[in-house]
Every structure is written in C-alpha cells, then in structure tokens.
Amino acid sequence: MPELPEVERAAGIARAAVVGRTITSVRVLHPAQRRGLPARAARSLIGDRVEAVVRRGKAQRFRLASGRELRVHFRMTGDWVLLGSGEVPPRAVRAIIALDDGTRLALHDPRALSVISLGMPEPDEGIGPEATDPALTPARLSAALAGRRIAIKQALLDQAIVAGIGNIYASEALWRARIDPRLPANRLEAPQLRRLVSAIRATMRIAMARHARYYGRDAGEGRFAVYDREGQRCRRCGANVRRIVQAGRSTYFCLRCQGAAC
Ligand SMILES: [Zn+2]
C-alpha cells in the first residue's frame, strides 16, 4: 500500500511528465474510477493545462490552469506508469491522461480501488502535518495524541494526527523509536515522543532515498527493519520479530527492544 515515500515517488513521475503540458484526452477505463470522474468531467479536462502536481499525505492534486484540481488517491495498489508510443495499456490500467507532447500517464491499479475526482481546490482540514514536515514536533504530536486511548500504532495511521504514514512505516517508525506499538497513544512520555518524531523523519528519509536510488526499478524486498519479517531476527538485538493484529492490520515489532518499559 503506497505511503508517503511511494506516493511522493509516483508524484515525481507524474510531475516530470505532465507539468506545463496541455491535456488532450482523459480515458477512464474502469467503472470504479468513473464514479469519481464521469465521462463529462473527463471531457471537460481536454484543453486544460497542468500547472503543478502536489502531494499532501497520500493524496495527489494536479493543479490546472482552469483553477480546478484533479485529485488522485492510490488507496491500496495504485501507481503511475508512462505508456510508450503505440503501447497497448496493460490490463490493470484504469485511466489514461494524454498530453499534447504525446505523453500518456496511466493509472495502474490491479485492485482498481484508486479514487479520482475533479473539483475546485478544497482546504485540507482534518489532515495533520506531513510526516516529513518540521511542523511535526514532539509537542504537536503530544497534543494530537492527548485523550487518544487507542494503541500508538493505530494512532499513527490516523491521517489527522500525521499525514502520509500507513501500515508499513508505522511499524518501522515504532521499531526505530523503540516504542511498544500496543502502548496507549495518550501515555507516551516526552522522551518517547521525541524519539518517535525523529524516528518518523528518519524512516521517511530512508524510504525516499531508497526510491531515489532504485528509481524506476524494483526497490527490492527484505528492505524493512521489522515489517513483514515475522520470525526473523530483529536487526538491532537479534530477538525474533513478532506479528500481532491491531484493528485488523498486522503490526510487526520486537518485544525485546520495544518493551513497554523503554
Ligand atoms: Zn530487537
């Protein structure tokens, strides 16, 4: 599931391909995406120019010369791919944006859960600071977590608390911060909050650097500290990585170095 680093990588691909270009057609190939972008709305994009591609949390916004925004959320399996000239789109392509220089930016999404919509810009109320934003301070995180008795792992998935973190990087950041993922969010103490904020930043920085290094290629599995590593050795202490289920989602952690006493 694409999180901040993956969406930023994808937004970079889109940005390089479409900014400054005029849209010549938008084809929506799957009914799920047509709900958000019906044929008439798709047609209205013809002749509009893309001025910027902005990422906020896990969402992307294509700012258009007409003042409107094309909003895209990848949800589970979405990604951008560029189609070569004359290339037949792969089966999982759900929408194709064609530009005046012949570029075709395609939404590739095996599960077809991505959401596309068109409208005027809306304020992003209810979205917390970006995981990479210096505005995310221990004090701000503490305020956002006050009164929240849910586990800290679950709290990190709430985009109103921090924007851009999903199931993978929540486990990774908590491991890096040596915080038990089951700890109630409102019980984190000052040193833990400081460690968590710097761990979130480091986790995002490392993931983005990896995407930059493997740009356009498979970044490779086995790259996580704990995520999807149940039963394997903790990269810090050598104990076995555990998997638990919290609110229906897998959490990976090391009981030895993320004990609640830390
Ligand atoms: Zn460990």
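In this text, all values refer to a predicted model and were calculated from it rather than measured experimentally. Along each chain, residues carry numbers from 1 onward, in the same order as the chain's sequence is written. Local features in this predicted model are restricted to residues of pLDDT 70 or higher, and side-chain atom pairs are both shown and tallied only at a pLDDT of 80 or more, whereas totals for entire chains, interfaces and linings draw on every residue.

Focus on the overall build of the protein chain
Stage number 1. Strands are runs of DSSP state E lasting at least 2 residues, helices are runs of H or I lasting at least 4, and numbering of each runs from the N terminus. On a plain count of helices and strands, the protein chain comes out with 7 helices and 10 strands.
Stage number 2. For this measure, only C-alpha atoms enter the radius of gyration; the expected value for a globule follows 2.2 Å times N^0.38, where N is the number of residues. Against the globule reference of 18 Å for 262 residues, the protein chain gives a C-alpha radius of gyration of 20 Å, in line with a compact fold.
Stage number 3. With respect to the three principal axes, the spread of C-alpha positions in the protein chain is 60 × 35 × 30 Å.
Stage number 4. Taking all 262 residues of the protein chain together, the buried fraction comes to 35%.
Stage number 5. For the purpose of contact definition, each residue receives a C-beta atom placed from its backbone, and two residues are in contact when these atoms lie within 7 Å. A fraction of 65% describes how many contacts in the protein chain between residues 6 or more apart in sequence connect residues 24 or more apart. Any residue whose C-beta has 12 or fewer other C-beta atoms within 10 Å is treated as exposed, any with 20 or more as buried, and any in between as partly exposed, C-beta atoms being built from the backbone.

A closer look at the pairing of strand E4 (residues 69-73)
Stage number 1. Side chains Leu 70 and Val 72 of E4 all project onto a buried face; the interleaved residues Glu 69, Arg 71 and His 73 project onto a face where none is buried.
Stage number 2. Across 5 bridges, strand E3 (residues 59-64) lies against E4 in antiparallel orientation. Looking at E4, one finds that Phe 62 is bridged to Leu 70.
Stage number 3. When DSSP finds two or more bridges between a pair of strands, those strands are recorded as paired. Between E3 and E4, which pair antiparallel and follow one another directly, the connecting turn spans 4 residues, one of which, Gly 67, has a positive phi of 95°.

Details of helix H7 (residues 190-213)
Stage number 1. Residue count minus one, scaled by 1.5 Å, sets the expected span of a helix. Helix length check: H7 (24 residues) gives 35 Å between terminal C-alpha atoms against 34 Å at 1.5 Å per residue, within 8%.
Stage number 2. For H7, the set of buried residues is Gln 192, Leu 196, Val 197, Ala 199, Ile 200, Thr 203, Met 204 and Ala 207.
Stage number 3. Where the residues of H7 are buried, they touch helix H1 (4-18), helix H4 (138-145) and helix H6 (167-177).

Let's talk about the domain arrangement of the protein chain
Stage number 1. Each assigned domain of the protein chain is listed here: domain 1 (4-119) and domain 2 (138-253).
Stage number 2. Between the C-alpha centres of domain 1 and domain 2 the distance comes to 29 Å.
Stage number 3. The partner domain 2 presents 9 residues to the 7 residues of domain 1 that form the contact.
Stage number 4. Looking at the side of domain 1 that touches domain 2 element by element, the count peaks at 4 residues for H1. Delimitation of the domains relies on an automatic or database domain assignment.

Details of the pairing of strand E7 (residues 104-108)
Stage number 1. Of all 5 residues in E7, 5 are buried; the element is thus mostly enclosed.
Stage number 2. By the alternation rule, side chains of E7 split into Arg 104, Ala 106 and His 108 and Leu 105 and Leu 107, which are all buried.
Stage number 3. Across 5 bridges, strand E5 (residues 79-83) lies against E7 in antiparallel orientation. By the bridge assignment for E7, Leu 83 is matched with Arg 104.
Stage number 4. Joining the antiparallel neighbours strand E6 (residues 93-99) and E7 is a turn of 4 residues, in which Gly 102 adopts a positive phi near 95°.

Side note on the sheet that holds E7
Stage number 1. Taken in spatial order, the 4 strands line up as E1-E6-E7-E5 in an open sheet, and their pairing is antiparallel. Edge strands, defined here as strands with exactly one partner in the open sheet, are strand E1 (23-28) and E5. Each strand axis lies, on average, 20° off the axis of its neighbour in the sheet, ignoring direction.
Stage number 2. Where E1 meets E6, 5 bridges bridge the pair, whose relative direction is antiparallel. Looking at the pairing, Ser 25 lines up with Ala 98 of E6.
Stage number 3. All axes here are fitted lines through C-alpha atoms, helices being fitted over the stretch that makes contact, and every angle between N-to-C directions spans 0 to 180 degrees. H1 rests against E5, E6 and E7 of the sheet, and its axis sits at about 35° to E5.

A short note on the sheet that holds strand E8 (residues 115-119)
Stage number 1. Spatial strand order, E2-E3-E4-E8: 4 strands in an open sheet with antiparallel pairing. Strands with a single pairing partner mark the edges of an open sheet, and in this sheet they are strand E2 (50-56) and E8. Each strand axis lies, on average, 15° off the axis of its neighbour in the sheet, ignoring direction.
Stage number 2. With 5 bridges connecting them, E4 and E8 associate as antiparallel partners. Bridged to Glu 69 within E8 is Gly 119.
Stage number 3. Along the sheet, H1 makes contact with E2 and E3, crossing E2 at roughly 175°.

Some details on unusual backbone geometry
Comment: phi is negative for the bulk of residues other than glycine, and the bulk of peptide bonds are trans.
Stage number 1. Not every positive phi belongs to a glycine, and Arg 75 is a case in point at roughly 55°.
Stage number 2. Position of Arg 75 among the secondary structure elements: in the loop between E4 and E5.
Stage number 3. Phi at Asp 228 takes a positive value of approximately 60°, unusual for a residue other than glycine.
Stage number 4. When you line up the elements, Asp 228 lands in the loop between H7 and strand E9 (242-246).

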